[in-house]
Amino acid sequence: MSKGKILVTGGAGYIGSHACKELAECGYLPVTLDNLVYGHKQAVKWGPLIRGDINEPQVLDFIFTSHQPEAVIHFAAYTYVGESVTDPAKYYRNNVAGTLTLLEAMRRHSCQRIIFSSTCATYGQPLKTPLTESHPQNPINPYGWGKLMIEQILNDFDRAYEIKNISLRYFNAAGADPQGLIGEDHHPETHLIPLAIMTAMKLKKELSIFGQDYQTPDGTAIRDYIHVTDLARAHILALEYLTKHGQSDCFNLGTGHGHSVQQVVETVERVSRVKVPVRAAARRPGDPPVLVASSRKAEDCLGWKPEFNELETIVKTAWEWHKTHSNPDYGP
Ligand code: UDP
């Protein structure tokens, strides 16, 4: 039996499309709004796609009137940290102003619940790891600032208009749908795991390792890689938690385990059985040496626990996806 419609902004993107799949498996109908600038229409398989922008009030009015979604899961955003530094206007306009437009439409149509894609980039340089939700939030780039501003706007909209929110602060999303139906397909690709895989597949000559002189056991930076299906599941749990308790909150989503760039490269080599040529490169500005989540709060409150705990399993699902989509653009 259908549980109702959920508006998924950015449902044609990497994490959004995996969330749509989980929503459908849990009996919801995901209604995707995506401008297809970075998303792929072929990734929208579990409900209708409306091609449009969160910045367009008329499009939003049309969706809220015709579909009457009971809640919103909001992924739509530009996500290139480096570009946010060189072109902050683009990020504040799309991510922050776009979210404001979306929230105003929710207000007009009395849609009172939103799950928001936030990020560990709102914490900035970690003072202590693993990071808990109470860690100070001091972003170091416009991308992180925009996400933090949205968290603030959401909390103000709760106080004033009773629009309840849950912000989910992702660590490093990775992997692909274990059934191979959808996966990661960014243009340009900047993330470590897909780039290492593309190098193993000879689509790239070599992989740059950004920094080998960090204060970590092998000198390379450590991140918390969390499987995209585990992330997707957390959104449904957050939605049901919000429906039940009616209280806004925020949760970190990671595995609590860190892996170095070097360990990722070795894992890709093991899974692909191919040597990945690497070259030493300078540190990326603003990259902290270690970013690892404490997800205790999500475990305790949402009952969420990552199922794809092993880096090897995460890389295997990504590898399978890239092998079958080696051209690798499957859209738009
Ligand atoms: N990284 C790297 N080479 C690359 C891409 C990324 O060494 O070609 C490093 C990056 O500096 C970071 C880690 O891999 O320490 C994960 O980077 P990614 O861009 O995947 O995610 P981020 O942590 O920036 O969100």
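Scroll up for the structure.
This write-up is about the structure you can find in this document.

Criteria and thresholds
Residues numbered from 1 in each chain as written. Predicted model: local features only at pLDDT ≥ 70, side-chain atom pairs only at ≥ 80, totals over all residues. Heavy atoms only, no water. Helix = DSSP H or I, 4+ residues; strand = E, 2+ residues; numbered from the N terminus. Rg over C-alpha atoms; globule rule 2.2 N^0.38 Å. Buried < 20%, exposed > 50% of the residue type's maximum accessible area, 1.4 Å probe, protein only. Contact = heavy atoms within 4.5 Å. Lys, Arg positive; Asp, Glu negative; His and termini not counted. Charge placed at Lys NZ, Arg CZ, Asp CG, Glu CD. Phe/Tyr/Trp six-rings, centres within 6.5 Å; stacked < 30°, edge-to-face > 60°. Lys NZ or Arg CZ within 6 Å of the ring centre and 35° of its normal. Near = heavy atom within 4 Å. Polar contact = N/O pair within 3.5 Å; in protein donor to acceptor, adjacent residues only side chain to side chain. Areas by Shrake-Rupley, 256 points an atom, 1.4 Å probe, with all protein chains shown as cover. 1 Å grid on protein atoms, 1.4 Å probe; cavity = no way out; pocket = protein on both sides within 12 Å on 5 of 7 lines; lining within 4 Å. Points joined across faces, edges and corners; volume = space filled by probe spheres on them. Nonpolar A, V, L, I, M, F, W, Y, C, P; charged D, E, K, R; others polar.

1. Notes on the overall build of the protein chain
- Each helix and strand counted, the protein chain has 10 helices and 14 strands in total.
- Rg of the C-alpha trace for the protein chain: 19 Å, near the compact-globule value of 20 Å for 332 residues, within the 12% margin.
- Dimensions along the principal axes, computed over C-alpha positions, put the protein chain at roughly 55 × 40 × 40 Å.
- Classification of the 332 residues of the protein chain by burial places 57% in the buried group.
- Of all intrachain contacts in the protein chain linking residues separated by at least 6 positions in sequence, the fraction that spans at least 24 positions is 77%.
- When the 33 positive and 36 negative side-chain charges of the protein chain are each reduced to one mean point, those points stand 1 Å apart.

2. Details of the packing of aromatic side chains
- Counted according to the given criterion, the structure contains five aromatic pairs.
- Between tyrosine 38 and tyrosine 78, the aromatic rings sit 5.5 Å apart at their centres with planes inclined by 90 degrees, giving edge-to-face as the arrangement. Residue tyrosine 38 is located in the loop between β2 (28-34) and β3 (49-51), and its partner tyrosine 78 is located in the loop between β4 (71-74) and α3 (81-86); the two are separated by 40 residues in the primary sequence.
- The class of tyrosine 38 is partly exposed, set by a relative accessible area of 29%.
- Over the face of the ring belonging to tyrosine 78 we find lysine 90, whose NZ or CZ atom lies 4.8 Å from the ring centre.
- One cation-aromatic arrangement involves arginine 107 over tyrosine 161; the distance from NZ or CZ to the ring centre is 3.6 Å.

3. Remarks on the site of the ligand
- Taken together, 15 residues sit near the ligand, with Leu192, Ser208, Phe210, Arg284 and Asp287 positioned nearest.
- Within the backbone of leucine 192, a nitrogen or oxygen atom sits 2.8 Å from an oxygen atom of the ligand.
- The backbone of phenylalanine 210 places a nitrogen or oxygen atom 2.9 Å from an oxygen atom of the ligand.
- Relative to its free-state accessible area of 510 Å², the ligand is covered by the protein chains to the extent of 87%.
- Among the elements of the structure, α6 (192-200) and β8 (207-210) are those that each provide at least two residues to the shell around the ligand.
- It is β8 that provides the largest number of residues to the shell around the ligand, a total of four residues.

4. Re empty space enclosed by the protein
- A full pass over the atoms with the stated rule returns one cavity of 30 Å³ or more.
- One number sums up the size of the largest cavity: a volume of about 30 Å³.
- Lining the largest cavity are His18, Lys21, Glu22, Asp177, Thr229 and Ala232.
- If you list the elements that add at least two residues to the lining of the largest cavity, you get α1 (14-25) and α7 (228-245).
- The leading source of residues in the lining of the largest cavity is α1, at three residues.
- Looking at the lining of the largest cavity, its residues break down into one nonpolar, two polar and three charged.

Shape is all these values report; function is a separate question.
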